[in-house]
Amino acid sequence: MAISKELLSLLLLVFYLSSIASSSFSDPDSDSDLTNELVSLRSNSESGVIHLDDHGISKFLISSPTPRPYSILVFFDATQLHSKTELRLQELRREFGLVSATFLANNNGSDLNKLFFCEIEFSRSQSSFQRFGVNALPHIRLVTGSTSKLSDESGQMDQSDFARLAESMAEFVEQRTKLTVGPIQRPPFLSKAQISVIVAMIVIATPFVIKRILKGETLLHDHRLWLSGAIFIYFFSVAGTMHNIIRKMPMFLQDRNDPNKLVFFYQGSGMQLGAEGFAVGFLYTVVGLLLAFVTNVLVRVRNLNVQRLVMLVALVVSSWAVKQVVYLDNWKTGYGIHAYWPSSWQ
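All values reported here derive from a predicted model rather than from experimental measurement.

1. Considerations on helix 3 (residues 54-62)
Then comes step 1: Looking only at helix 3, the buried set comprises Gly-56, Ile-57, Lys-59, Phe-60 and Leu-61.
Then comes step 2: Where helix 3 is buried, its residues contact helix 2 (31-43), strand 1 (49-52), strand 2 (71-77), strand 3 (115-121), helix 5 (126-132) and strand 4 (139-143).
Then comes step 3: Two to three positions downstream of the cap, the backbone nitrogen of His-55 sits 3.3 Å from a side-chain oxygen, assigning the N-cap of helix 3 to Asp-53.

So this is what it looks like as structure tokens:
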């Protein structure tokens, strides 16, 4: 009876061990299988960034038990927000791809499979956004092998670190993972083929350019080019174009009361639309061109009657333009401007 109990215990032990072994070999989502699948997905991407959806997040992060043999750096994207330039999502996504490509170029062996660069898009992975607790973009988060809760924000990259783009992302990865990314490898501005074509065109055009320079027939010798450039710079200056570029001001706004209408002039001193600057700049340019015409062209006309008529038209148009500028300034800011007519005329 004792021998039968020992045999029974031995059989149960062998059956238990064999079941564990068979389950481990037949599990398709084992650590090595998941890593190999991530490597396969990465090889299909030009920059090495893997596109994941809800199923991929569940497979590689949620269903995979900790500790995982790999870490995942996730870039959160939303296609519908690409039109908002202040978020810089497309630019940050390109920089994220540069970091991934640099990491692949500077690493090999086991370190290469310890970190994977992935992205998820909101329209196809809304539940993943909720699991991570992401409610604002841009957002980059590192999920290490020991991270068990996706809502853990300890792996989030600070918003202030996005200023230096790829360099900041690389420093974040190196500090958190202790892996080496290396100097960012940015693609050249021009390819070798483009450089070759440009050099060939320069070599061919050089004799013709030298010949035209010696004859004084280049664009730099054309007074009309300098005149057009001076007018453009004048308009660029008086229209407040530099202010619009620095502040990234829109040309117009949508009317809050009627979405079908556009607002080109904003009443209030705290904001200036691009259309306002161009309108005032146009009026200033008209006055400037009339003044230049009167002082440089009209004085050469010998007919006095023509001079007087053109002078009268120039004064009327200039007065109207200045009056419009004064009116717009008063309407926008509320500040009154002293009349330019003599007080005895009023």
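The discussion continues.
2. Structural notes on the sheet that holds strand 2
Then comes step 1: Pairing within the open sheet is mixed, and its four strands lie in the order 1-3-2-4. Here the strands that pair on one side only, and so sit at the sheet edges, are strand 1 and strand 4. Ignoring which end each strand starts from, the neighbouring axes of this sheet average 30° apart.
Then comes step 2: As paired elements, strand 2 and strand 4 share five bridges and run antiparallel to each other.

3. Focus: the packing of aromatic side chains
Then comes step 1: Applying the stated rule across the entire model yields 10 aromatic pairs.
Then comes step 2: For the ring pair Tyr-70 and Phe-116, a centre distance of 6.1 Å and an interplane angle of 85° mean the geometry is edge-to-face. Within this pair, whereas Tyr-70 is found in the loop between helix 3 and strand 2, its partner Phe-116 is found in strand 3, the two being separated by 46 residues in sequence. The two residues Tyr-70 and Phe-116 agree in class, both being buried.
Then comes step 3: Ring geometry for Phe-235 against Phe-278: centres 5.8 Å apart, planes inclined by 20°, an arrangement best described as stacked. Of this pair, Phe-235 sits in helix 8 (residues 223-238) while Phe-278 sits in helix 10 (residues 274-296), and the two are 43 residues apart along the sequence.
Then comes step 4: On the accessibility criterion, Phe-235 (25% relative accessible area) is partly exposed.
Then comes step 5: Owing to a relative accessible area of 30%, Phe-278 belongs among the partly exposed residues under this scheme.
Then comes step 6: Ring pairing ties together the aromatic residues Phe-75, Phe-96, Phe-103 and Phe-117, which thus form one cluster.

4. A word on the UniProt feature "transmembrane region" (unreviewed entry) in the chain
Then comes step 1: This chain's UniProt record puts "transmembrane region" (unreviewed entry) on residues 195-214, 226-246, 278-299 and 306-322.
Then comes step 2: Annotated as 90% helix and 0% strand, the span residues 226-246 places its first and last C-alpha atoms 26 Å apart.
Then comes step 3: Structurally, residues 306-322 is divided into 100% helix and 0% strand, and its ends, taken at the C-alpha atoms, are 24 Å apart.

5. Notes on a nonpolar patch on the surface
Then comes step 1: There is a patch of nonpolar side chains on the surface, built from Phe-189, Leu-190, Ile-195, Ile-198, Val-199, Ile-202 and Val-203 and spanning about 690 Å² of accessible area.
Then comes step 2: As for its position among the elements, Ile-202 is in helix 7 (residues 192-215).
Then comes step 3: Judged by its relative accessible area of 51%, Ile-202 is exposed.

Thresholds, definitions, all that
Residues numbered from 1 in each chain as written. Predicted model: local features only at pLDDT ≥ 70, side-chain atom pairs only at ≥ 80, totals over all residues. Heavy atoms only, no water. Buried < 20%, exposed > 50% of the residue type's maximum accessible area, 1.4 Å probe, protein only. Helix = DSSP H or I, 4+ residues; strand = E, 2+ residues; numbered from the N terminus. Contact = heavy atoms within 4.5 Å. Polar contact = N/O pair within 3.5 Å; in protein donor to acceptor, adjacent residues only side chain to side chain. Pairing = 2+ DSSP bridges. Axes fitted to C-alpha atoms, helices over the stretch in contact; angles between N-to-C directions. Phe/Tyr/Trp six-rings, centres within 6.5 Å; stacked < 30°, edge-to-face > 60°. UniProt positions renumbered as here; feature names shortened; annotations may be inferred. Patch = residues over 30% accessible without salt bridge, like charges linked within 9 Å, V, L, I, M, F, W, Y side chains within 5 Å. Areas by Shrake-Rupley, 256 points an atom, 1.4 Å probe, with all protein chains shown as cover. Salt bridge = Lys/Arg side-chain N within 4 Å of Asp/Glu carboxyl O.

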